[in-house]
Amino acid sequence: MSLQSDITDLWAKKQDGLTAADATDDHLATLDDFLAALEAGEVRAAEKSGGEWEANEWVKQGILLNFGLRETVAREYGDVAYHDVLPLRETADLNERGTRNTPDGTVIRRGAYVGSDAILMSPAFVNIGAHVGDGTLVDSCDTVGSCAQIGDDVKLGANTLIGGVLEPVEDAPVIVEDGVSLGAGCRVTSGFVVGENSIVGENTLLTPRIPVYDLVEEEVLYGELPPERRAFTRFVESSVSDHDLIDGGAYKPAVVATSVEEETLEATEREDALRE
């Protein structure tokens, strides 16, 4: 049987009442094989098909099974003791592919993929199912949530949060496509898609609940930033501005997207040079 069919079969058993106490060595071996496939980049929680990102439901089911069919146990990693259903990911393969992670706080959970020539600065956390592409920088105090798909040559500025999306299994996770640069303090959540080669200003919140005013195509978008945009936060008048309890008007956050300017590209290229 294929790994996909093994996971699908195990998911059906879990829906029929299989618990961690009932899980056999064969069940756990299937889950271990699944985690190894995630870490090798052989399977992914989401993939692009026909220009659209789609969740691989069976992969997200496999991740959920690793929580539902494993017991929480005491674990140690170096001098750190902790309690979890999963150990942390072994990192010996990273050096073989030119990737570096700094000590004292760079945490990569089992089932996370990290590509070649990437940089992970401490403290940073990469969760199960996340996919971090080749040449990508995960800076200090960054979180890459479960199933998030980060492309090649991406820059995640310090203190950036990439949210995780595990359930429902049919929902696509957060996507940050190739060549994107996110400024320090950005937040990307709830399955938002950041188009390739876009540059996002510091402290910008990208979520489907906040409109993106795309001045290039002159349209309002939700849940996506088109490719090759420069995006930043602005505030627009809220519908509750006229309420008696609000003195002086009310405003809500919005994202404004323009074309990437040559000067912005040059600044990004200078930062890239520091990483070579």
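Just above sits the structure.
Residues numbered from 1 in each chain as written. Predicted model: local features only at pLDDT ≥ 70, side-chain atom pairs only at ≥ 80, totals over all residues. Heavy atoms only, no water.

J.: Help me understand the packing of helix H1 (residues 3–15) against helix H3 (residues 57–68) in this model?
T.: When two helices pack together, their arrangement is captured by the angle between the axes and the distance separating the axes. Packing of H1 against H3 leaves a shortest axis separation of 9 Å and a crossing angle of 55 degrees. Taken together, the axes of H1 and H3 lie oblique to each other. Judged by the sense of rotation from one axis to the other, the crossing of H1 with H3 is left-handed. The residues of H3 that touch H1, namely those facing Leu3, Gln4, Ile7, Thr8, Leu10, Trp11 and Lys14, are Trp58, Gln61, Gly62, Leu64, Leu65 and Gly68. Classifying every residue of the contact of H1 with H3 by side-chain character gives seven nonpolar, five polar and one charged. (Axes fitted to C-alpha atoms, helices over the stretch in contact; angles between N-to-C directions. Helix = DSSP H or I, 4+ residues; strand = E, 2+ residues; numbered from the N terminus. Parallel < 35°, antiparallel > 145°, perpendicular 65-115°, else oblique. Left-handed = near helix turned anticlockwise from the far one by under 90°. Contact = heavy atoms within 4.5 Å. Nonpolar A, V, L, I, M, F, W, Y, C, P; charged D, E, K, R; others polar.)

J.: How do you make sense of the sheet that holds strand E12 (residues 142–144) when you look at a structure like this?
T.: Paired through their backbone hydrogen bonds, the strands of a sheet run either parallel or antiparallel. Pairing in this open sheet of six strands is parallel, and the strands run E6-E9-E12-E15-E18-E21 from one edge to the other. Of all strands in the sheet, those with a lone pairing partner are strand E6 (106–108) and strand E21 (205–206), marking the two edges. Where E6 meets strand E9 (residues 124–126), three bridges bridge the pair, whose relative direction is parallel. If you follow Thr106 over to E9, its bridge partner there is Ala124. (Pairing = 2+ DSSP bridges.)

J.: Explain the pattern of salt bridges here, please?
T.: Any two side chains of opposite charge can pair, so long as their charged atoms come close to each other. Here the structure, examined in full by the defined rule, presents eight salt bridges. Look at the salt bridges and you will find they share partners, linking Arg89, Asp93 and Arg97 into a network. (Salt bridge = Lys/Arg side-chain N within 4 Å of Asp/Glu carboxyl O.)

J.: Which parts of the structure should I look at to understand the side chain of Arg109?
T.: Within the secondary structure layout, Arg109 lies in the loop between E6 and strand E7 (113–114). Reaching out from Arg109, the side chain makes a polar contact with the side chain of Asn127 at a distance of 3.1 Å. If near-sequence neighbours (up to four positions away) are discounted, Arg109 is found in contact with Phe67, Asp84, Leu86, Pro87, Leu88, Arg89, Phe125, Val126, Asn127 and Ile128. (Polar contact = N/O pair within 3.5 Å; in protein donor to acceptor, adjacent residues only side chain to side chain.)

J.: I keep staring at the packing of H1 against helix H2 (residues 25–39) and nothing clicks. Help me out?
T.: Relative orientation of the contacting elements H1 and H2 amounts to 130 degrees, with a least axis distance of 10 Å. As far as their axial angle goes, H2 and H1 are oblique. By crossing handedness, the relation of H1 to H2 is classed as left-handed. Contacts between H1 and H2 involve Leu3, Asp6, Ile7, Leu10 and Lys13 on the former and, on the latter, His27, Thr30, Leu31, Asp33, Phe34 and Ala37.

J.: Would you mind showing me how to read the packing of aromatic side chains here?
T.: Aromatic ring pairs are described here by two measures, namely the spacing of the ring centres and the angle between the planes. For the coordinates displayed, the defined rule picks out one aromatic pair. Consider the rings of Phe34 and Trp58, whose centres lie 6.1 Å apart with planes at 65 degrees: the pair is edge-to-face. Of this pair, Phe34 sits in helix H2 while Trp58 is found in helix H3, placing the two residues 24 residues apart along the sequence. On the accessibility criterion, Phe34 (0% relative accessible area) is buried. Judged by relative accessible area, which is 14%, Trp58 ranks as buried. (Phe/Tyr/Trp six-rings, centres within 6.5 Å; stacked < 30°, edge-to-face > 60°. Buried < 20%, exposed > 50% of the residue type's maximum accessible area, 1.4 Å probe, protein only.)

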